[in-house]
Amino acid sequence: IDSAETLSESQRSHMEADRELSKSRLSTSDQNVLLGRAVAKSTSMQNQGFAPHFLVDGDLTTRWSSKFEDKENVTIEFATEDQPFCNISQIVVHWETAYATRYSVAVTDDLKTWRHVHSREPSRVKTRLQLKHTIDLADQAGQIKGLKVIMSQRATKWGYSVWEIEALGICPEIEGSPKSIVLGADQPM
């Protein structure tokens with residue numbers, strides 16, 4: 001869907017309901033360590049209105065959206081090589097209704113080696129509240145510099161769409177700002 005003009009009244013109403021529900025769902029128990037510190041990258045985006053930086057902007061009325069393909073990845077890294085590690089307790093993915101029925105999450109402490117911390121096998125959500133996926137890292141807690149969401153199966157004919165990704169935990173204060181990068185097909189994730 002390239003613009004609001006191409007949406008039916010029902011689709012616009014559905015999207016607005018998603019936004020309103022999402023506004024009340026940002027996690028508050030720990031600090032979202034991605035805000036102002038992260039660089040978001042993706043293998044594709046639908047258009048500039050759905051750029052990867054919306055994944056980490058703290059605003060549940062903006063979103064990233066991919067092209068209409070099954071194999072998509074988003075990677076979120078701290079903005080500089082000097083960024084201290086953060087202790088992450090949870091990762092929260094706020095899906096739009098164009099969610100992934102199959103995906104996995106990996107984390108890294110060196111931006112080179114990734115370890116998988118969560119896999120979701122094919123499943124359908126039945127309510128809008130189920131679009132918020134919380135991944136508890138209590139048993140796998142550690143210091144990370146980045147996370148990756150690897151999507152392999154779409155729930156709809158559209159691309160994937162995510163309102164926000166949060167990494168909840170504690171890390172030292174450091175200045176930075178969110179940025180977006182769209183990787184070409186020839187660039188590794």
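Residues numbered from 1 in each chain as written. Predicted model: local features only at pLDDT ≥ 70, side-chain atom pairs only at ≥ 80, totals over all residues. Heavy atoms only, no water.

**Points about the overall build of the chain**
Next up, step 1: Each helix and strand counted, the chain has one helix and twelve strands in total.
Next up, step 2: Reading the chain from its N end, one meets helices and strands in the order α-β-β-β-β-β-β-β-β-β-β-β-β.
Next up, step 3: Looking at the chain residue by residue over its 189 residues, the buried ones come to 44%.
Next up, step 4: Approximately 9,300 Å² of the chain is accessible, and the part contributed by carbon and sulfur atoms is 50%. (Helix = DSSP H or I, 4+ residues; strand = E, 2+ residues; numbered from the N terminus. Buried < 20%, exposed > 50% of the residue type's maximum accessible area, 1.4 Å probe, protein only. Areas by Shrake-Rupley, 256 points an atom, 1.4 Å probe, with all protein chains shown as cover.)

**Points about the confidence of the model for the chain**
Next up, step 1: Looking at the chain as a whole, its pLDDT mean stands at 79, while 71% of the residues score no less than 70.
Next up, step 2: Across residues 1-5, confidence stays below pLDDT 50; counting only partners more than four residues off in sequence or on other chains, it has ten contacts.
Next up, step 3: The model gives residues 21-28 a pLDDT under 50, and that stretch makes 22 contacts with residues more than four places away or in other chains. (pLDDT = per-residue confidence, 0-100. Contact = heavy atoms within 4.5 Å.)

**Thoughts on the pairing of strand β10 (residues 146-154)**
Next up, step 1: One ladder, built from six bridges, connects strand β4 (residues 72-78) with β10; its direction is antiparallel. The partner of Val74 across the bridge, within β10, is Val149. (Pairing = 2+ DSSP bridges.)

**Here's the deal with the environment of Tyr103**
Next up, step 1: Within the secondary structure, Tyr103 is located in strand β6 (residues 100-108).
Next up, step 2: Under the relative-accessibility criterion, Tyr103 is labelled buried at 2%.
Next up, step 3: As a C-alpha pair, Tyr103 and Ile150 span 47 residues in sequence and 5.5 Å in three-dimensional space.
Next up, step 4: Discounting residues that sit within four places of it in the chain, Tyr103 has contacts with Trp95, His118, Ser119, Arg120, His133, Ile135, Val149, Ile150 and Met151.
Next up, step 5: A polar contact is formed between the side chain of Tyr103 and the side chain of His133, at a distance of 2.8 Å. (Polar contact = N/O pair within 3.5 Å; in protein donor to acceptor, adjacent residues only side chain to side chain.)

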